[in-house]
Structures are given as structure tokens and as C-alpha cells.
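Here's the letter readout for the chains.
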Amino acid sequence: MQFRYLLSLAGLICFHLSIAFQGQGKLTGYVKDAKTGESIPGATVRLLDTQLGTNTNPEGFYTINNIPPQTYSVQVSFVGYETVIKYGIVIKSGGIPDLNFELKESISELDEIVVVANPFEKIEETPLSIQRLSREEIATYPGGNNDIAKVVQSLPGVSGSVGGFRNDVIIRGGAPNENVYYLDGIEIPNINHFATQGSAGGPVGLLNVSFFEGVTLSTSAFGAQYDNVLSGVLQFDQRNGNNREMKTNVRVGSSETALTLESPLFKGGREESNTSFIASVRRSYLQLLFELIGLPILPDYWDYQYKLTHKFDKYNELIVTGVGSVDDFRVNELDEFDEEQQATQDQVPIIKQQTNTIGVSWKNRFKNGSGFMTTTLSSNRLENDFRQFMNNINQTGLFLQNKSVEMETKLRYNYTKFLKDWTVSGGLSLQQVNYENETIDLVNNFQYSADLDFLRYGLFGQANRTFYDERLSLSVGIRLDANTFTENGNNIFETFSPRISGSYTFDKLRKWSLNASLGRYFKIPPYTILGFTDNSGNQVNQSARYIQSDHAVLGLEYLVTPSARFTLEGFYKRYDNYPVSITDRVSLANLGADFSVLGNEPIASVGLGRTYGLEFLYQKKFTNNYYLIVAYTLYKSEYTAFDTKVYLPSSWDSRHLLTLTGGYKFGNNWELSGRMRYLGRTPFAPVDQAATLANYPAIIRDYSQLGTETLDTFNQVDLRIDKKWNYSKWTLNVFLEIQNILGSQIPEEPEFGLARDMDGLELSPRSLVEIMGIDNASVLPSIGVVIDF
């Protein structure tokens with residue numbers, strides 16, 4: 001099959017090389033004031049190292065026509081503002097989204113040097129531990145398969161689960177469920193298909209990368225507007241749909257096909273409309289491929305995403321956005337016996353899952369330019385039917401079931417005011433929580449029904465100011481959260497979470513800066529924990545407390561060139577009130593990176609934890625035909641159970657995390673990119689073989705031995721080759737991606753199954769055996785096609 005893929009690629013290349021006509025590209029977009037959102041007419045927009053450029057019209061809009069298709073750096077300047085340069089902008093003949101700019105006012109006088117804005121995202125409340133990826137960097141990320149959860153793993157301090165069919169985002173040694181995700185300011189509970197309820201992760205991302213203007217990751221110094229975060233905030237900025245003409249994007253990959261449409265609405269005879277939309281649908285055919293080659297699992301999924309934007313006037317804008325998925329994970333009956341595949345077929349769950357998030361956001365900018373307010377109403381729903389059977393093929397012998405509905409309705413209000421040198425913001429959040437659960441757990445002898453209905457609410461405030469010609473910036477904030485369910489939930493001062501951050505630039509050229517932050521953050525335990533009920537009908541986890549995490553970060557940044565930087569950061573995170581499983585006597589921080597349900601058990605909020613380390617980053621934006629990211633993290637992650645004096649290595653304590661990512665663009669629109677990842681030895685809890693044999697196919701782990709065994713080091717190299725053809729009104733991009741091109745052995749935990757004969761029949765007496773000789777060194781080539789018109 002891989003040969004046929006490569007043969008098809010060669011055929012496509014040969015066919016399209018026979019077509020000589022090459023179209024020209026066009027670049028459009030808006031230039032606005034970063035603070036007030038006002039349009040900036042007369043701004044100069046130009047493509048560096050060319051004679052091409054223009055000025056913005058009275059609405060701040062610009063158009064540059066007849067651009068030869070290739071990759072450019074685009075610069076925008078205007079008197080009184082910092083000059084902004086965006087790197088690696090790919091010009092095509094079809095389907096180019098608007099390239100928008102936001103300019104900050106400059107304090108420099110006209111006779112002084114021109115101030116060029118730092119191209120690396122830095123905001124006053126989060127001056128460090130923040131990274132941003134542009135849409136160009138996301139689209140061609142090697143080894144990412146257009147999956148945003150895999151893309152962010154190139155950033156410092158971020159890793160995924162080692163081995164397995166998983167897609168977790170693990171930040172600075174914290175658990176996968178310590179992150180929050182926002183889509184244009186609207187919170188979404190998870191970004192993956194087949195999500196682990198109570199945690200995060202899953203095998204495949206559900207967000208369409210064609211939507212993104214950019215992605216921003218904060219790993220500390222969180223703004224006070226974000227609640228329920230301990231390790232990371234991922235903010236996905238979606239672009240608006242085209243308000244002048246209809247555009248289409250078709251992406252066909254090795255496992256899925258996606259269609260994206262965008263267009264103006266109610267345009268009439270005008271050049272542009274006040275209303276636009278962008279929408280996509282994606283369909284997996286991974287289940288067909290798995291069935292064809294005889295694998296024991298059949299993951300099947302759909303997802304959809306949309307955004308509608310309407311501008312009432314230059315001060316008021318309404319956004320409606322949503323994302324959802326339909327997932328079906330089942331098993332495939334094997335044609336021939338294979339002990340590894342038989343064990344997988346025995347042990348995997350049957351999952352039917354549906355997710356949906358919809359939000360409406362109204363942004364009102366004050367007419368005098370003194371601030372703005374944002375009001376957001378959203379709702380998210382998760383339906384999860386998770387089952388495990390003694391016989392997965394016939395679905396008989398049910399021994400584990402979690403059938404639940406989780407729903408949140410949220411109202412958020414944010415008011416921001418500009419007061420001379422100060423920017424002050426504040427707001428509130430109100431959430432209605434509904435959680436229903438029917439659980440059968442014959443392994444642990446639990447069977448119950450839960451029906452929770454309660455409120456969560458919070459208040460926040462933040463104030464920022466710059467001093468000494470903007471060389472020093474300071475930000476202070478507080479947040480308070482409460483709920484009506486837990487025993488001390490309404491004591492709002494129990495979650496008093498202050499934070500302070502600052503940045504100082506040493507020199508007038510703004511090359512060197514020292515950044516620091518201190519903060520306290522809280523997270524309510526997952527609803528799977530809060531909803532657990534014992535066999536007597538008691539909600540035994542109602543005494544659970546908010547998980548607390550205190551952060552201290554100090555960092556140094558040096559801008560080597562306008563497009564490259566070094567950063568070095570030291571971080572320390574301390575946890576308190578972490579839930580500890582009464583059944584397994586282990587911190588729940590170690591769980592959540594498998595196909596299960598996290599938290600359906602009695603817990604005690606007594607655990608402690610700590611993660612600390614150093615992060616190094618060298619990042620070079622695309623110039624001189626190449627880009628490069630080098631990220632290394634040295635860290636330690638450990639948690640306690642009931643004995644708070646004994647810290648054990650966590651399931652994420654790999655110690656060493658190294659990622660090299662880069663790409664080079666040749667002539668004639670050829671591009672080669674690659675990624676290398678290395679993780680140190682990762683601890684795991686070994687299987688309790690006696691308990692597993694008694695409960696098979698349930699796998700029981702001995703968490704008292706966590707840290708005594710580790711996986712081998714992980715090392716993988718991925719390559720990607722892209723070739724683009726530009727025609728008169730459309731663009732074709734064909735890419736070949738090869739994961740694990742060096743054939744490295746991917747480490748996995750020992751796998752066990754029942755002893756069977758050559759025909760797959762169980763031997764008597766029943767016994768458990770380790771499956772030997774598993775080959776995880778496969779080279780995985782795949783081909784993809786992207787069409788824009």
C-alpha cells in the first residue's frame with residue numbers, strides 16, 4: 001500500500017509538471033491599532049527585498065497584486081507606531097487568507113531610530129513562558145499530520161505521551177488535564193477525538209488548522225481572566241471568513257479528508273460585506289485502512305468547525321463559533337491469530353462519544369478609544385459511552401461502563417479600560433454545570449448513578465503599566481473562584497489567587513530583557529471525581545478541594561537578530577490538595593494518559609507535588625530560506641500520595657526533553673522540513689500480574705512500584721517534503737511525510753495477554769504471559785494533497 005501511495009505521488013508530480021502556466025498571487029489584509037482596534041489608514045505595507053508594496057485605504061485595508069508565488073517577509077510601518085515584520089508568508093495564486101497587522105504606538109521621537117516590534121509574542125501580563133506559532137508554521141509542521149496537539153510539542157517544556165496511540169499535551173511535568181483551551185476566547189473542554197473523560201488527550205486532534213490565524217501557548221504567568229488552569233493555556237485565534245469573495249480549501253491526507261469553505265454573506269453590490277463565515281467538515285477513513293490491513297481497532301470519526309462574524313459598525317462585532325465531533329471506537333475481528341493483536345482486541349474499550357461547543361461573543365469598543373468590553377455566552381456538551389467487555393467482539397460480559405453526559409453553560413464578561421499609562425481590566429464568570437453518570441465497575445465493586453446540578457462563579461481583575469520609556473513593564477492580578485457543590489465551595493477567599501509579572505529591557509535596542517513572574521492558580525477537580533457516588537448513595541468526594549499550584553519563573557531573552565532569539569527560563573511549580581486515589585493510593589496527577597475514565601473513584605485531597613527545571617530555546621523565524629527551533633528542557637516531576645514526605649517520580653518525569661524543528665525552502669516552491677524529538681527514560685507503574693489474571697481483560701497496575709521501572713529513551717525523526725504548483729486561480733500542494741524515518745524503536749510498556757495456543761484458544765490452567773518481540777520500529781510514510789481556490 002505504501003508503494004502505491006508513493007507511485008500515486010510520482011504520477012501527480014509528473015502530470016502537473018507538464019503544465020507550464022504559473023499564476024500570480026495577491027496579498028490582502030487590514031492594519032489596526034493594537035490597543036484600540038481602530039483602522040490605520042495610510043500605513044505602508046511592503047514585501048521586503050522587492051519593489052512591491054502599497055498603502056492602506058481609509059478603512060485600513062490593503063491589496064498587493066501580481067506577486068510571484070514564493071515566501072516573503074512582509075513589513076508594515078506608520079509614523080508614531082512600531083514597525084512590524086511578519087516572516088515566512090507564503091504567497092500562492094489561490095486561497096490566501098488575509099494577512100492582518102496590529103501596530104503598537106511607539107514612544108520614540110521622529111529623529112530617533114525606527115523601533116521594530118519584537119516578532120515573538122510578549123504581552124504585559126505574560127512577559128515570559130509564552131510562545132506563538134503562525135498559520136504558516138502550523139500548516140507545514142513535519143510529523144504533525146495537520147494536528148495542532150502534535151504541532152505544539154515542538155515548543156519548550158511540551159511533550160506528548162511516549163508510545164501508544166495517544167495525543168496528550170504534557171507541559172513542564174504537569175498532568176494532561178491541567179491545561180485549558182480557548183477558541184477565540186470561548187473555552188472548549190478538549191481538542192482531541194476519543195478524549196479521556198476527566199482528563200484530556202486522545203489519539204487525533206479535532207481542530208482544523210485551516211482556520212487558524214495563529215496559536216499562542218502560555219505555560220505560566222496566566223492572565224487573571226483564565227480560570228481552572230494549572231499548567232498551560234492554549235489560545236487558538238481563528239481567522240474571519242473572507243468578506244469579499246468565496247474561497248475553498250480541500251485537504252486529503254493519509255487518514256482523513258477535510259473541506260473548508262469561506263464566503264461573505266448579504267454582500268449585495270458592495271465590495272465587501274459586514275458578515276462572513278468560515279466552516280469545515282472532516283471525515284476519517286482510518287477505520288477503512290485499519291480494517292483493510294487487519295488491525296484489531298477501528299477508530300471512526302467526524303468533526304466540524306465554523307465561525308460567523310458580523311460587524312454592526314466600526315465599534316461593535318458579533319462572533320458565533322463552534323466545534324464538534326462524532327466518534328466511534330470499536331474492534332475488528334481478526335482473520336488470523338496474532339498474540340499482540342489479540343491482547344489489544346481483548347483490552348481496548350468500546351467508545352461512542354459526541355462533543356459540541358457553541359459560543360456567541362459580542363465585542364464593543366468604546367467610541368473614544370478608551371477601552372472595550374467583551375461578553376461571551378457559550379455551551380459545551382460531552383456524551384461519553386465507554387464500555388469494556390469480557391468479549392469485545394460479541395460485546396458480552398460487561399464489566400466496566402461509564403455512560404455520562406457532561407454539560408456546561410458559561411457567561412463571561414470582561415471590561416478593559418485604558419487610563420493614561422495604565423491598562424485595567426476586570427470581569428466575572430458564571431457557569432451552570434450539569435453532570436449525569438451511570439457507572440458499572442465490577443473490578444472495584446462500584447455501581448451507581450449520579451446527577452449533579454450546580455453553579456461555578458468567579459471574579460478577576462488585572463492592571464498593567466509600563467515605565468521608563470516602556471523598558472519596564474509590570475502586571476498584577478487577582479482571581480477568586482467558587483462553586484455551590486463542594487463543602488467549602490462557596491468560601492470564595494479560599495481560592496484567592498494573586499499573580500505578578502514583570503519585564504525589564506536592558507538596552508535601547510531592546511535586545512536583552514529579564515522577565516519574571518509569581519502566581520497562584522486553582523483548578524476544581526474533574527466532574528468525574530465530584531460525581532462519584534458509593535454503593536450506599538453517598539457523594540463521598542463532596543469534600544474535595546480546589547487543586548492549588550504556585551508558580552515561580554525567571555527568564556532571560558536575547559534577540560540575536562530581528563528574526564531570531566535565545567531564551568533561558570528556570571521554573572518551579574508546587575502543588576497542594578492534589579486528589580489521591582483511595583483505591584490505588586496514587587496521586588491522580590500520574591493518570592489520565594490512557595483510554596479510560598479518570599476520577600470515577602473515591603479520593604482524598606491530600607497530595608502534594610512539585611515540578612522544576614530549566615528551559616532553553618533558540619528560535620529563528622523564516623529568513624534566508626530557512627527556519628529553526630531548538631528547544632531543550634531539563635526538569636523533574638514528582639508527587640506524593642498519602643505520605644506527604646515521600647515524593648515519587650511522576651508518569652511524566654522524563655527529565656530530558658529535546659526537540660529540533662526546521663525547514664528549508666528551495667527554488668520552484670519545493671520545501672524540506674524535519675523534526676527530531678528525544679525524551680529521557682519515563683517512569684511507569686508495572687502491571688500487577690496476579691490481580692490482572694484474576695480480572696482479565698482489565699489491566700491492574702501496581703502503583704506502589706511507580707518509578708522503579710522506566711521506559712527506554714524515546715527518539716524519533718520525521719521528514720516532510722512539500723511541492724506547490726500555482727495556476728491562474730488555484731493552488732495545488734502535494735506533500736510526502738515520513739514519520740520515524742530512521743526506524744527507531746518506539747518504547748512501550750510491557751504488554752500482557754492470556755496464554756493461548758497457535759489457534760488462539762486459551763490454555764488451561766489460565767495464565768498471563770508477556771508478549772515478546774513486539775516491533776515498534778515502523779517507518780510510516782503518508783501522502784497528502786491540499787487544494788486552494
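Here's a quick rundown of the structure. For clarity, every value in this text was computed on a predicted model and none was experimentally measured. Numbers given to residues run from 1 along each chain, matching the order in which its sequence is written. Predicted model: local features are reported for residues with pLDDT of at least 70 only, side-chain atom pairs are reported and counted for 80 or more only, and whole-chain, interface and lining totals are derived from all residues. Here the side-chain values reflect all heavy atoms present in the structure, with hydrogen atoms and water set aside.

**Looking at the overall build of the protein chain**
Working step 1: Summing up its helical and strand segments, the protein chain has 7 helices and 43 strands in all.
Working step 2: A globule of 789 residues ought to have a C-alpha radius of gyration of about 28 Å, and the protein chain, at 26 Å, matches this closely.
Working step 3: For the protein chain, the C-alpha atoms occupy an extent of roughly 85 × 70 × 50 Å along the three principal directions.
Working step 4: Within the protein chain, the proportion of its 789 residues that are buried is 58%.
Working step 5: In the protein chain, the proportion of contacts linking residues at least 24 apart, taken out of those at least 6 apart, comes to 66%.
Working step 6: Charge assignment: positive for Lys and Arg, negative for Asp and Glu; neither His nor the chain ends contribute. Charged side chains are reduced to one point each, which is NZ for Lys, CZ for Arg, CG for Asp and CD for Glu. Looking at charge distribution, the protein chain has the averaged site of its 69 positive side-chain charges lying 8 Å from that of its 88 negative ones. In this description a helix means any DSSP run of H or I spanning at least four residues, a strand means any run of E spanning at least two, and both kinds are numbered starting from the N terminus. We take the radius of gyration over the C-alpha atoms and set the globule estimate at 2.2 Å times the residue count to the 0.38 power. Burial classes follow relative accessibility: with a 1.4 Å probe on protein chains only, a residue under 20% of its type's maximum area counts as buried, one over 50% as exposed, and anything between as partly exposed. Should any heavy atoms of two residues lie within 4.5 Å, those residues are counted as being in contact.

**A closer look at the side chain of D227**
Working step 1: By the secondary structure assignment, D227 is in the loop between β15 (212-218) and β16 (232-238).
Working step 2: Assessed through its relative accessible area of 3%, D227 is described here as buried.
Working step 3: Between N or O atoms, a polar contact is any pair within 3.5 Å; within protein, one atom must be a potential hydrogen donor and the other a potential acceptor, and residues adjacent in sequence are included only when both atoms are from side chains. In terms of polar contacts, D227 uses its side chain to reach the side chain of Q431, at 3.5 Å.
Working step 4: At a separation of 3.3 Å, a polar atom in the side chain of D227 contacts the side chain of R456.

**Things to note about the nonpolar core**
Working step 1: The set of buried Ala, Val, Leu, Ile, Met, Phe, Trp, Tyr and Cys residues whose side-chain atoms join them within 4.5 Å is what this entry labels a nonpolar core. Formed by 27 residues in total, the largest nonpolar core has its most connected members in I148, I191, L207, F212 and F236.
Working step 2: Breaking this core down by element, the ones donating at least two residues are α3 (148-151), β11 (179-183), β15 and β16.
Working step 3: Excluding residues within four positions of it along the chain, I148 makes contact with I138, I191, L207, V209, F212, V215 and F236.
Working step 4: Formed by 21 residues, the second largest nonpolar core is a distinct cluster that contains L47, Y72, Y81 and F101.

**A few points about the sheet that holds strand β5 (residues 71-77)**
Working step 1: The pairing criterion is simple: DSSP has to find at least two bridges between the two strands. Spatially, 4 strands are ordered β3-β2-β5-β6 in an open sheet, and the strand pairing comes out antiparallel. Every other strand in the sheet has two partners, leaving β3 (53-55) and β6 (84-90) as the edge strands with one partner each. The sheet shows a mean angle of 20 degrees between the axes of neighbouring strands, direction not considered.
Working step 2: Relative to β6, β5 runs antiparallel, the two being bridged by 5 bridges. Fitted lines through C-alpha atoms serve as axes, helices being fitted only where they are in contact, and the angles separating the N-to-C directions of these axes extend from 0 to 180 degrees.

**Some words on the pattern of salt bridges**
Working step 1: Only one rule defines a salt bridge in this text: a Lys or Arg side-chain nitrogen within 4 Å of an Asp or Glu carboxyl oxygen. In the structure shown here, the tally under the stated rule is 42 salt bridges.
Working step 2: Here K26 makes a salt bridge to E245, at a shortest N to O gap of 3.9 Å. With K26 in strand β1 (residues 25-33) and E245 in the loop between β16 and β17 (247-252), this residue pair connects regions lying 219 residues apart in the sequence.
Working step 3: With a shortest N-O distance of 3.3 Å, R465 and D421 are connected by a salt bridge. Taken together, the positions of R465 in strand β26 (residues 446-467) and D421 in the loop between β24 (396-419) and β25 (422-441) put the pair 44 residues apart, joining distant regions of the chain.

**Focus on the environment of I319**
Working step 1: Residue position: I319 is located in strand β21 (residues 316-331).
Working step 2: Along the primary structure I319 and F277 are separated by 42 residues, whereas in three dimensions their C-alpha atoms are 9.7 Å apart.
Working step 3: Beyond its immediate sequence surroundings of up to four residues, I319 is in contact with K307, L308, T309, G359, V360 and S361.

**A short note on the packing of aromatic side chains**
Working step 1: The criterion for an aromatic pair is that two Phe, Tyr or Trp rings (for Trp, the six-membered ring) have centres within 6.5 Å, with stacked assigned to planes under 30 degrees apart, edge-to-face to planes over 60 apart and tilted to the rest. Under the counting rule described, the total for this entry stands at 24 aromatic pairs.
Working step 2: When the ring of Y30 is compared with that of F61, the centres are 4.9 Å apart and the planes differ by 55 degrees; the resulting orientation is tilted. Here F61 lies in strand β4 (residues 61-67) and Y30 lies in strand β1, a separation of 31 residues in the sequence. There is no split in this pair, since Y30 and F61 are both buried.

**Remarks on the pairing of β5**
Working step 1: Of all 7 residues in β5, 6 are buried; the element is thus mostly enclosed.
Working step 2: In this antiparallel pair of consecutive strands, β5 and β6, the connection spans 6 residues, and G80 shows a positive phi of 90 degrees.

**Brief notes about the sheet that holds β11**
Working step 1: Ordered by their spatial adjacency, 5 strands build an open sheet running β8-β15-β16-β11-β12, and the pairing between neighbours is mixed. Both outer strands of the open sheet, β8 (130-134) and β12 (186-188), are each paired with one neighbouring strand and no more. Here the average twist between neighbouring strands, direction ignored, is 25 degrees.
Working step 2: Of the pairings in the sheet, the one linking β11 to β16 comprises 5 bridges and is parallel in character. Counterpart to N179 in the pairing with β16 is G232.

**Looking at a nonpolar patch on the surface**
Working step 1: Together, Y504, F506, W512, L514, L554, L556, V560, F566, L568, L614, F616 and L634 line one region of the surface with nonpolar side chains, adding up to about 1000 Å² of accessible area.
Working step 2: Secondary-structure assignment places W512 in strand β29 (residues 512-523).
Working step 3: Given the relative accessible area of 38%, W512 is considered partly exposed. In this scheme, patches are assembled from residues that exceed 30% relative accessible area and form no salt bridge. Like charges are connected within 9 Å, while nonpolar side chains (Val, Leu, Ile, Met, Phe, Trp, Tyr) are connected within 5 Å. Note on areas: these come from Shrake-Rupley sampling with a 1.4 Å probe, and a residue is covered only by the protein chains present in the view.

**Quick word on unusual backbone geometry**
Excluding glycine, a negative phi dihedral is what most residues carry, and trans is how most peptide bonds are arranged.
Working step 1: In this structure, P697 follows Y696 across a cis peptide bond, with omega equal to 15 degrees.
Working step 2: Here P697 shows up in the loop between α7 (689-695) and β38 (709-710).
Working step 3: With an omega of 0 degrees, the peptide bond between S764 and P765 qualifies as cis.
Working step 4: Mapped onto the secondary structure, P765 falls in the loop between β41 (752-754) and β42 (768-770).
Working step 5: Even without being a glycine, N577 presents a positive backbone phi close to 65 degrees.
Working step 6: Considering the arrangement of structural elements, one finds N577 in strand β31 (residues 564-581).
Working step 7: Given a relative accessible area of 7%, N577 falls into the buried group.

**A closer look at empty space enclosed by the protein**
Working step 1: A cavity, in this analysis, means grid points on a 1 Å lattice covering only the protein atoms where a 1.4 Å probe fits yet has no way out; a pocket is instead an open set bounded by protein on both sides within 12 Å along at least five of seven lines, and a residue lines either one if it has an atom within 4 Å of a point. Grid points are joined across faces, edges and corners, and a volume is the space filled by probe spheres set on the points. In this structure the tally under the stated criterion is 11 cavities of 30 Å³ or more.
Working step 2: Taken as a whole, the largest cavity encloses approximately 560 Å³ of empty space.
Working step 3: Lining the largest cavity are 36 residues, and of these P189, N190, S199, E406 and E408 sit closest to its centre.
Working step 4: Those elements that place two or more of their residues in the lining of the largest cavity are β11, β12, β21, β22 (350-365), β23 (371-391) and β24.

So far we have only geometry, and geometry alone does not tell us how the molecule works.
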